[in-house]
Amino acid sequence: MRLDWSLIGTLALCLFALLPLATPDIVHGHDTLLHAHRMAEMQRSWAHGLLLPTWAETFYYGYGSPVFHYYSPLAYYFGAAAMTLGADVVSAIRLLIALSLLGAGLGMYLFGRALWGGAGGMLAALCYGYSPYLLYTEPYTRGDYPELLAFTVFPFVMWRFERLLGSGRGRDLLWAALSIVPLVLSHNLMAVALFALLVGWLLWRALFDAAVRRRALWLFVAAALGVGLMAYFWLPVALERDAVRIANVQEITADRRRNFFEFFIPAQRLFGLSAHTDAGAANGIQMHLNMGVGQWGLAALAVIVVGCAAVFRRVPLLARAQYAQMAFFALSALAMLFLMLPAAYGIWVNFTPLNYMVFPWRFLGPLAFCLAALAGMNALWLRALPKRAAHIAYAGMLLLPLALALPLLYIPPRDTAPLETSVAAYLRGERDGSISLGTTAYNEFLPATVYIIPGPTQRLVDELSAGYPPDPAQRGNLPSGVTLQLLEHNPERSVWQVQAETDFRLEVLIFYFAGWRAEIDGQPVTITPSEPHGLITLLVPAGEHHLTLWLGSTPVRDVANTLSLLSVAAMIAVVLVLERRAPVVRQIETPSEPLLPQWGALAAGIAQCALLLLFYREGSAWLNSPPGQALPARYPAAFQLGDQMRLLGYDLSSSDVYPGAQIEIVLYWYAPQPPAYTYASFVHISGGGPPLAQLDKPRLADRPASGWTRDGYLLDRYIITLPENMPPGEYQILVGVYTCEMRPAGECGNGDRLIVLDAQGRALGDSVPLATLRVR
């Protein structure tokens, strides 16, 4: 073993990515509360000895949910482990983000080093770790820690399969198969997408590399064994999907097929620089849905230079197999790039498997991986330059993704807040609506037998909030002469001593779900869900009895567990066979290292420190708009809408377009006082008559009236697609707001629109003449 200074330099440069974690609290991203409460629930299960729990006892007012049975739990395992060791949930999340970002850089370095050498690995790692989607959008704006973990694990998976390809040894097959385990446990959806990318890469390699074809069997055996090891998780998810309301997600997805344009990314935004965070924005930090100029620029540079060298045969940079790898990542990147653009609308509508991605911009994560792999190739052509020029160019390439990420390294303090994950806080949040029921968006993990979610039972809520043990038996409707004493309870098991004068039906305040079992005096009894609430009920005979209720297995789970055990046995057998064979290690040809990556890392690190000292401040790395101003607005404006609000400015992606084009409009609203009503908004593209294209929002800036504040503006984004048959000419972009709260239900019509005044106080009607759009 030897010390890899390039690896150490990579990790050192990745430390800059942790600057946003310097804030004392945590950013409340879109899903932060949901994942934080799942972590806390997992830790409570661990405290009761349930290391692989199925049931989240606290969710749905304490009636429970099988969320851990269906949703990949790796992030929750990590959070529960950190909290068990004494960390609070905020510290656990911060540690998870930090290790994920550092791990993403480390994994990408190892994979890039296997392909392009240490210098290429370092460049690939920085491009990957500092991609806007991984660095900012996933951990902070979205707060989607499981998906971030998937992107952390995937480079290690690719690296281990590359090692197996190079050696053919049993131990490498073992690690390749085991690397699939954390990928599957990280995030259901992204694990499928990334596994498909892995399989595509293996097939592509086998197609163009004879050495790979000779070992293709072991590569796919390793992949199959990895999937088999995780059968205990994914097989019940697939075969027991009808036991919960996962179909709710499919229904929402089907509705969104007509609205995919809302989630495509305009090309100008996708290829653009990362916008500066504005501490004066009142509706929180925004999603950065761009590839990163440094990332796509370096990837394109590598493809162009290496491709031209191959075409003109002047500089033999790569072996034939390596050119094939370049082609795979380039074609994959182009395919994912296309799928995020509006032109791919027809594919999303007609190729239904894509609908499971829900948001086209989700491909930014896998795209970041492909771009990083391509960017690492630049280390190969730099060796053809004079040594000094090569080192200077290499240091500049290392610095590029770091320097361009400077606006992503700041989180406004106003967007962070403490986080309480006690049972009492969670149940209070479910009741007041600040936390979605069951930590789900669409009740997708609600048992299918629940047709109407019952309201909270105050006694159960109080007992859960006060501490253990709560008694889930419904005591409010027990007949006279029944004595019920709780003897034992944990989230998946309850035991009572029952004494009854007559037979009675006991209702338990736990949702019925496949696997719940009951025994009376050791004999199984039938349990049924109540209607319409889906609570567990069972018939208890007269007399004194010992009643046990627990969550057990099902035939599907038994089969899945057996497949996992068989996969373990098969993996051991295959590993022993390969280890006993004389290993024929394939030496992967990597270019010599005329570059010294550690010195490039040192130069880039010093330069980044200098940039931080010079520019990591308000006005350079981030903005802070005073109340009543919107500094990021490209086009300032001064429109007053009634006496409720002002339009401070707007952004327009393009004013010169073609039919069928997509335009992005960003509005900046401000209200000195919260509006009296919740207003809806509209953006019309009009030629003087009815609008030819439009987009309405039921809530202006996606906020109710109570969500407005005088401390800053609200950013309001609209993406509108023009008709394919739109005649050429000039059109007006009109913006207005209205409310229906002053009208009888069902009689809104066009609503009560606010009158618009210009900067001189002149009335302009009920819409803002925002800008002129030219259609060619």
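The present account deals with the structure reproduced in this document.

What counts and what doesn't
Residues numbered from 1 in each chain as written. Predicted model: local features only at pLDDT ≥ 70, side-chain atom pairs only at ≥ 80, totals over all residues. Heavy atoms only, no water. Buried < 20%, exposed > 50% of the residue type's maximum accessible area, 1.4 Å probe, protein only. Helix = DSSP H or I, 4+ residues; strand = E, 2+ residues; numbered from the N terminus. Pairing = 2+ DSSP bridges. Salt bridge = Lys/Arg side-chain N within 4 Å of Asp/Glu carboxyl O. Axes fitted to C-alpha atoms, helices over the stretch in contact; angles between N-to-C directions. Parallel < 35°, antiparallel > 145°, perpendicular 65-115°, else oblique. Contact = heavy atoms within 4.5 Å. Nonpolar A, V, L, I, M, F, W, Y, C, P; charged D, E, K, R; others polar.

### Regarding the pairing of strand β19 (residues 714-721)
Consecutive side chains of a regular strand alternate in pointing toward one face of the sheet and then the other. Where burial is concerned, most of β19 is hidden: six out of the eight residues are buried. Where strand β16 (residues 662-670) meets β19, eight bridges bridge the pair, whose relative direction is antiparallel. By the bridge assignment, Ile663 is partnered in β19 with Ile720.

### Details of the sheet that holds β19
Read across the sheet, six strands follow the order β19-β16-β14-β13-β22-β23 without closing on themselves; strand pairing throughout is antiparallel. The outermost strands of the open sheet, each flanked by one partner alone, are β19 and β23 (763-765). Where strand β22 (residues 756-757) and β23 come together, two bridges link them in antiparallel fashion. Its bridge partner lying in β23, Leu757 is registered against Ala763.

### Thoughts on the pattern of salt bridges
Taken as a whole and judged by the stated rule, the model has 24 salt bridges. Residue Arg362 pairs with Glu147 through a salt bridge whose shortest N-O separation is 3.0 Å. Note that Arg362 is positioned in the loop between α17 (345-350) and α18 (364-375) and Glu147 in helix α7 (residues 145-167), a separation of 215 residues in sequence. For Arg269, the salt bridge is made with Glu664, and the minimal N-O distance between the two is 3.1 Å. In this pair, Arg269 sits in helix α14 (residues 267-271) while Glu664 sits in strand β16, placing the two residues 395 residues apart along the sequence.

### As for the sheet that holds strand β5 (residues 493-500)
Ordered by their spatial adjacency, five strands build an open sheet running β4-β5-β11-β7-β8, and the pairing between neighbours is antiparallel. Whereas interior strands pair on both sides, the edge strands pair on one side only; in this sheet they are β4 (482-490) and β8 (523-525). Taken over all neighbouring pairs, the strand axes of this sheet differ in orientation by 25° on average, direction set aside. Judged from the five bridges that link them, strand β7 (residues 516-520) and strand β11 (residues 543-551) form a sheet pairing that is antiparallel. When the bridges of β11 are listed, Glu519 appears paired with Thr548.

### Details of the packing of helix α11 (residues 216-229) against helix α12 (residues 231-239)
At a closest axis distance of 5 Å, the pairing of α11 and α12 adopts a crossing angle of 70°. Here α11 lies roughly perpendicular to α12, going by the angle between them. For the pair α11 and α12, the contacting residues are Val227, Gly228 and Leu229 in the first and Ala231, Tyr232 and Trp234 in the second. Along the lines of polarity and charge, the residues of the contact of α11 with α12 split into five nonpolar, one polar and no charged.

### A look at the side chain of Ser6
Residue placement: Ser6 occurs in helix α1 (residues 5-14). Relative accessible area serves as the criterion here: at 8%, Ser6 is assigned to the buried category. Apart from residues lying up to four places away in sequence, Ser6 is in contact with Tyr109, Gly118, Met122, Pro597 and Gln598.

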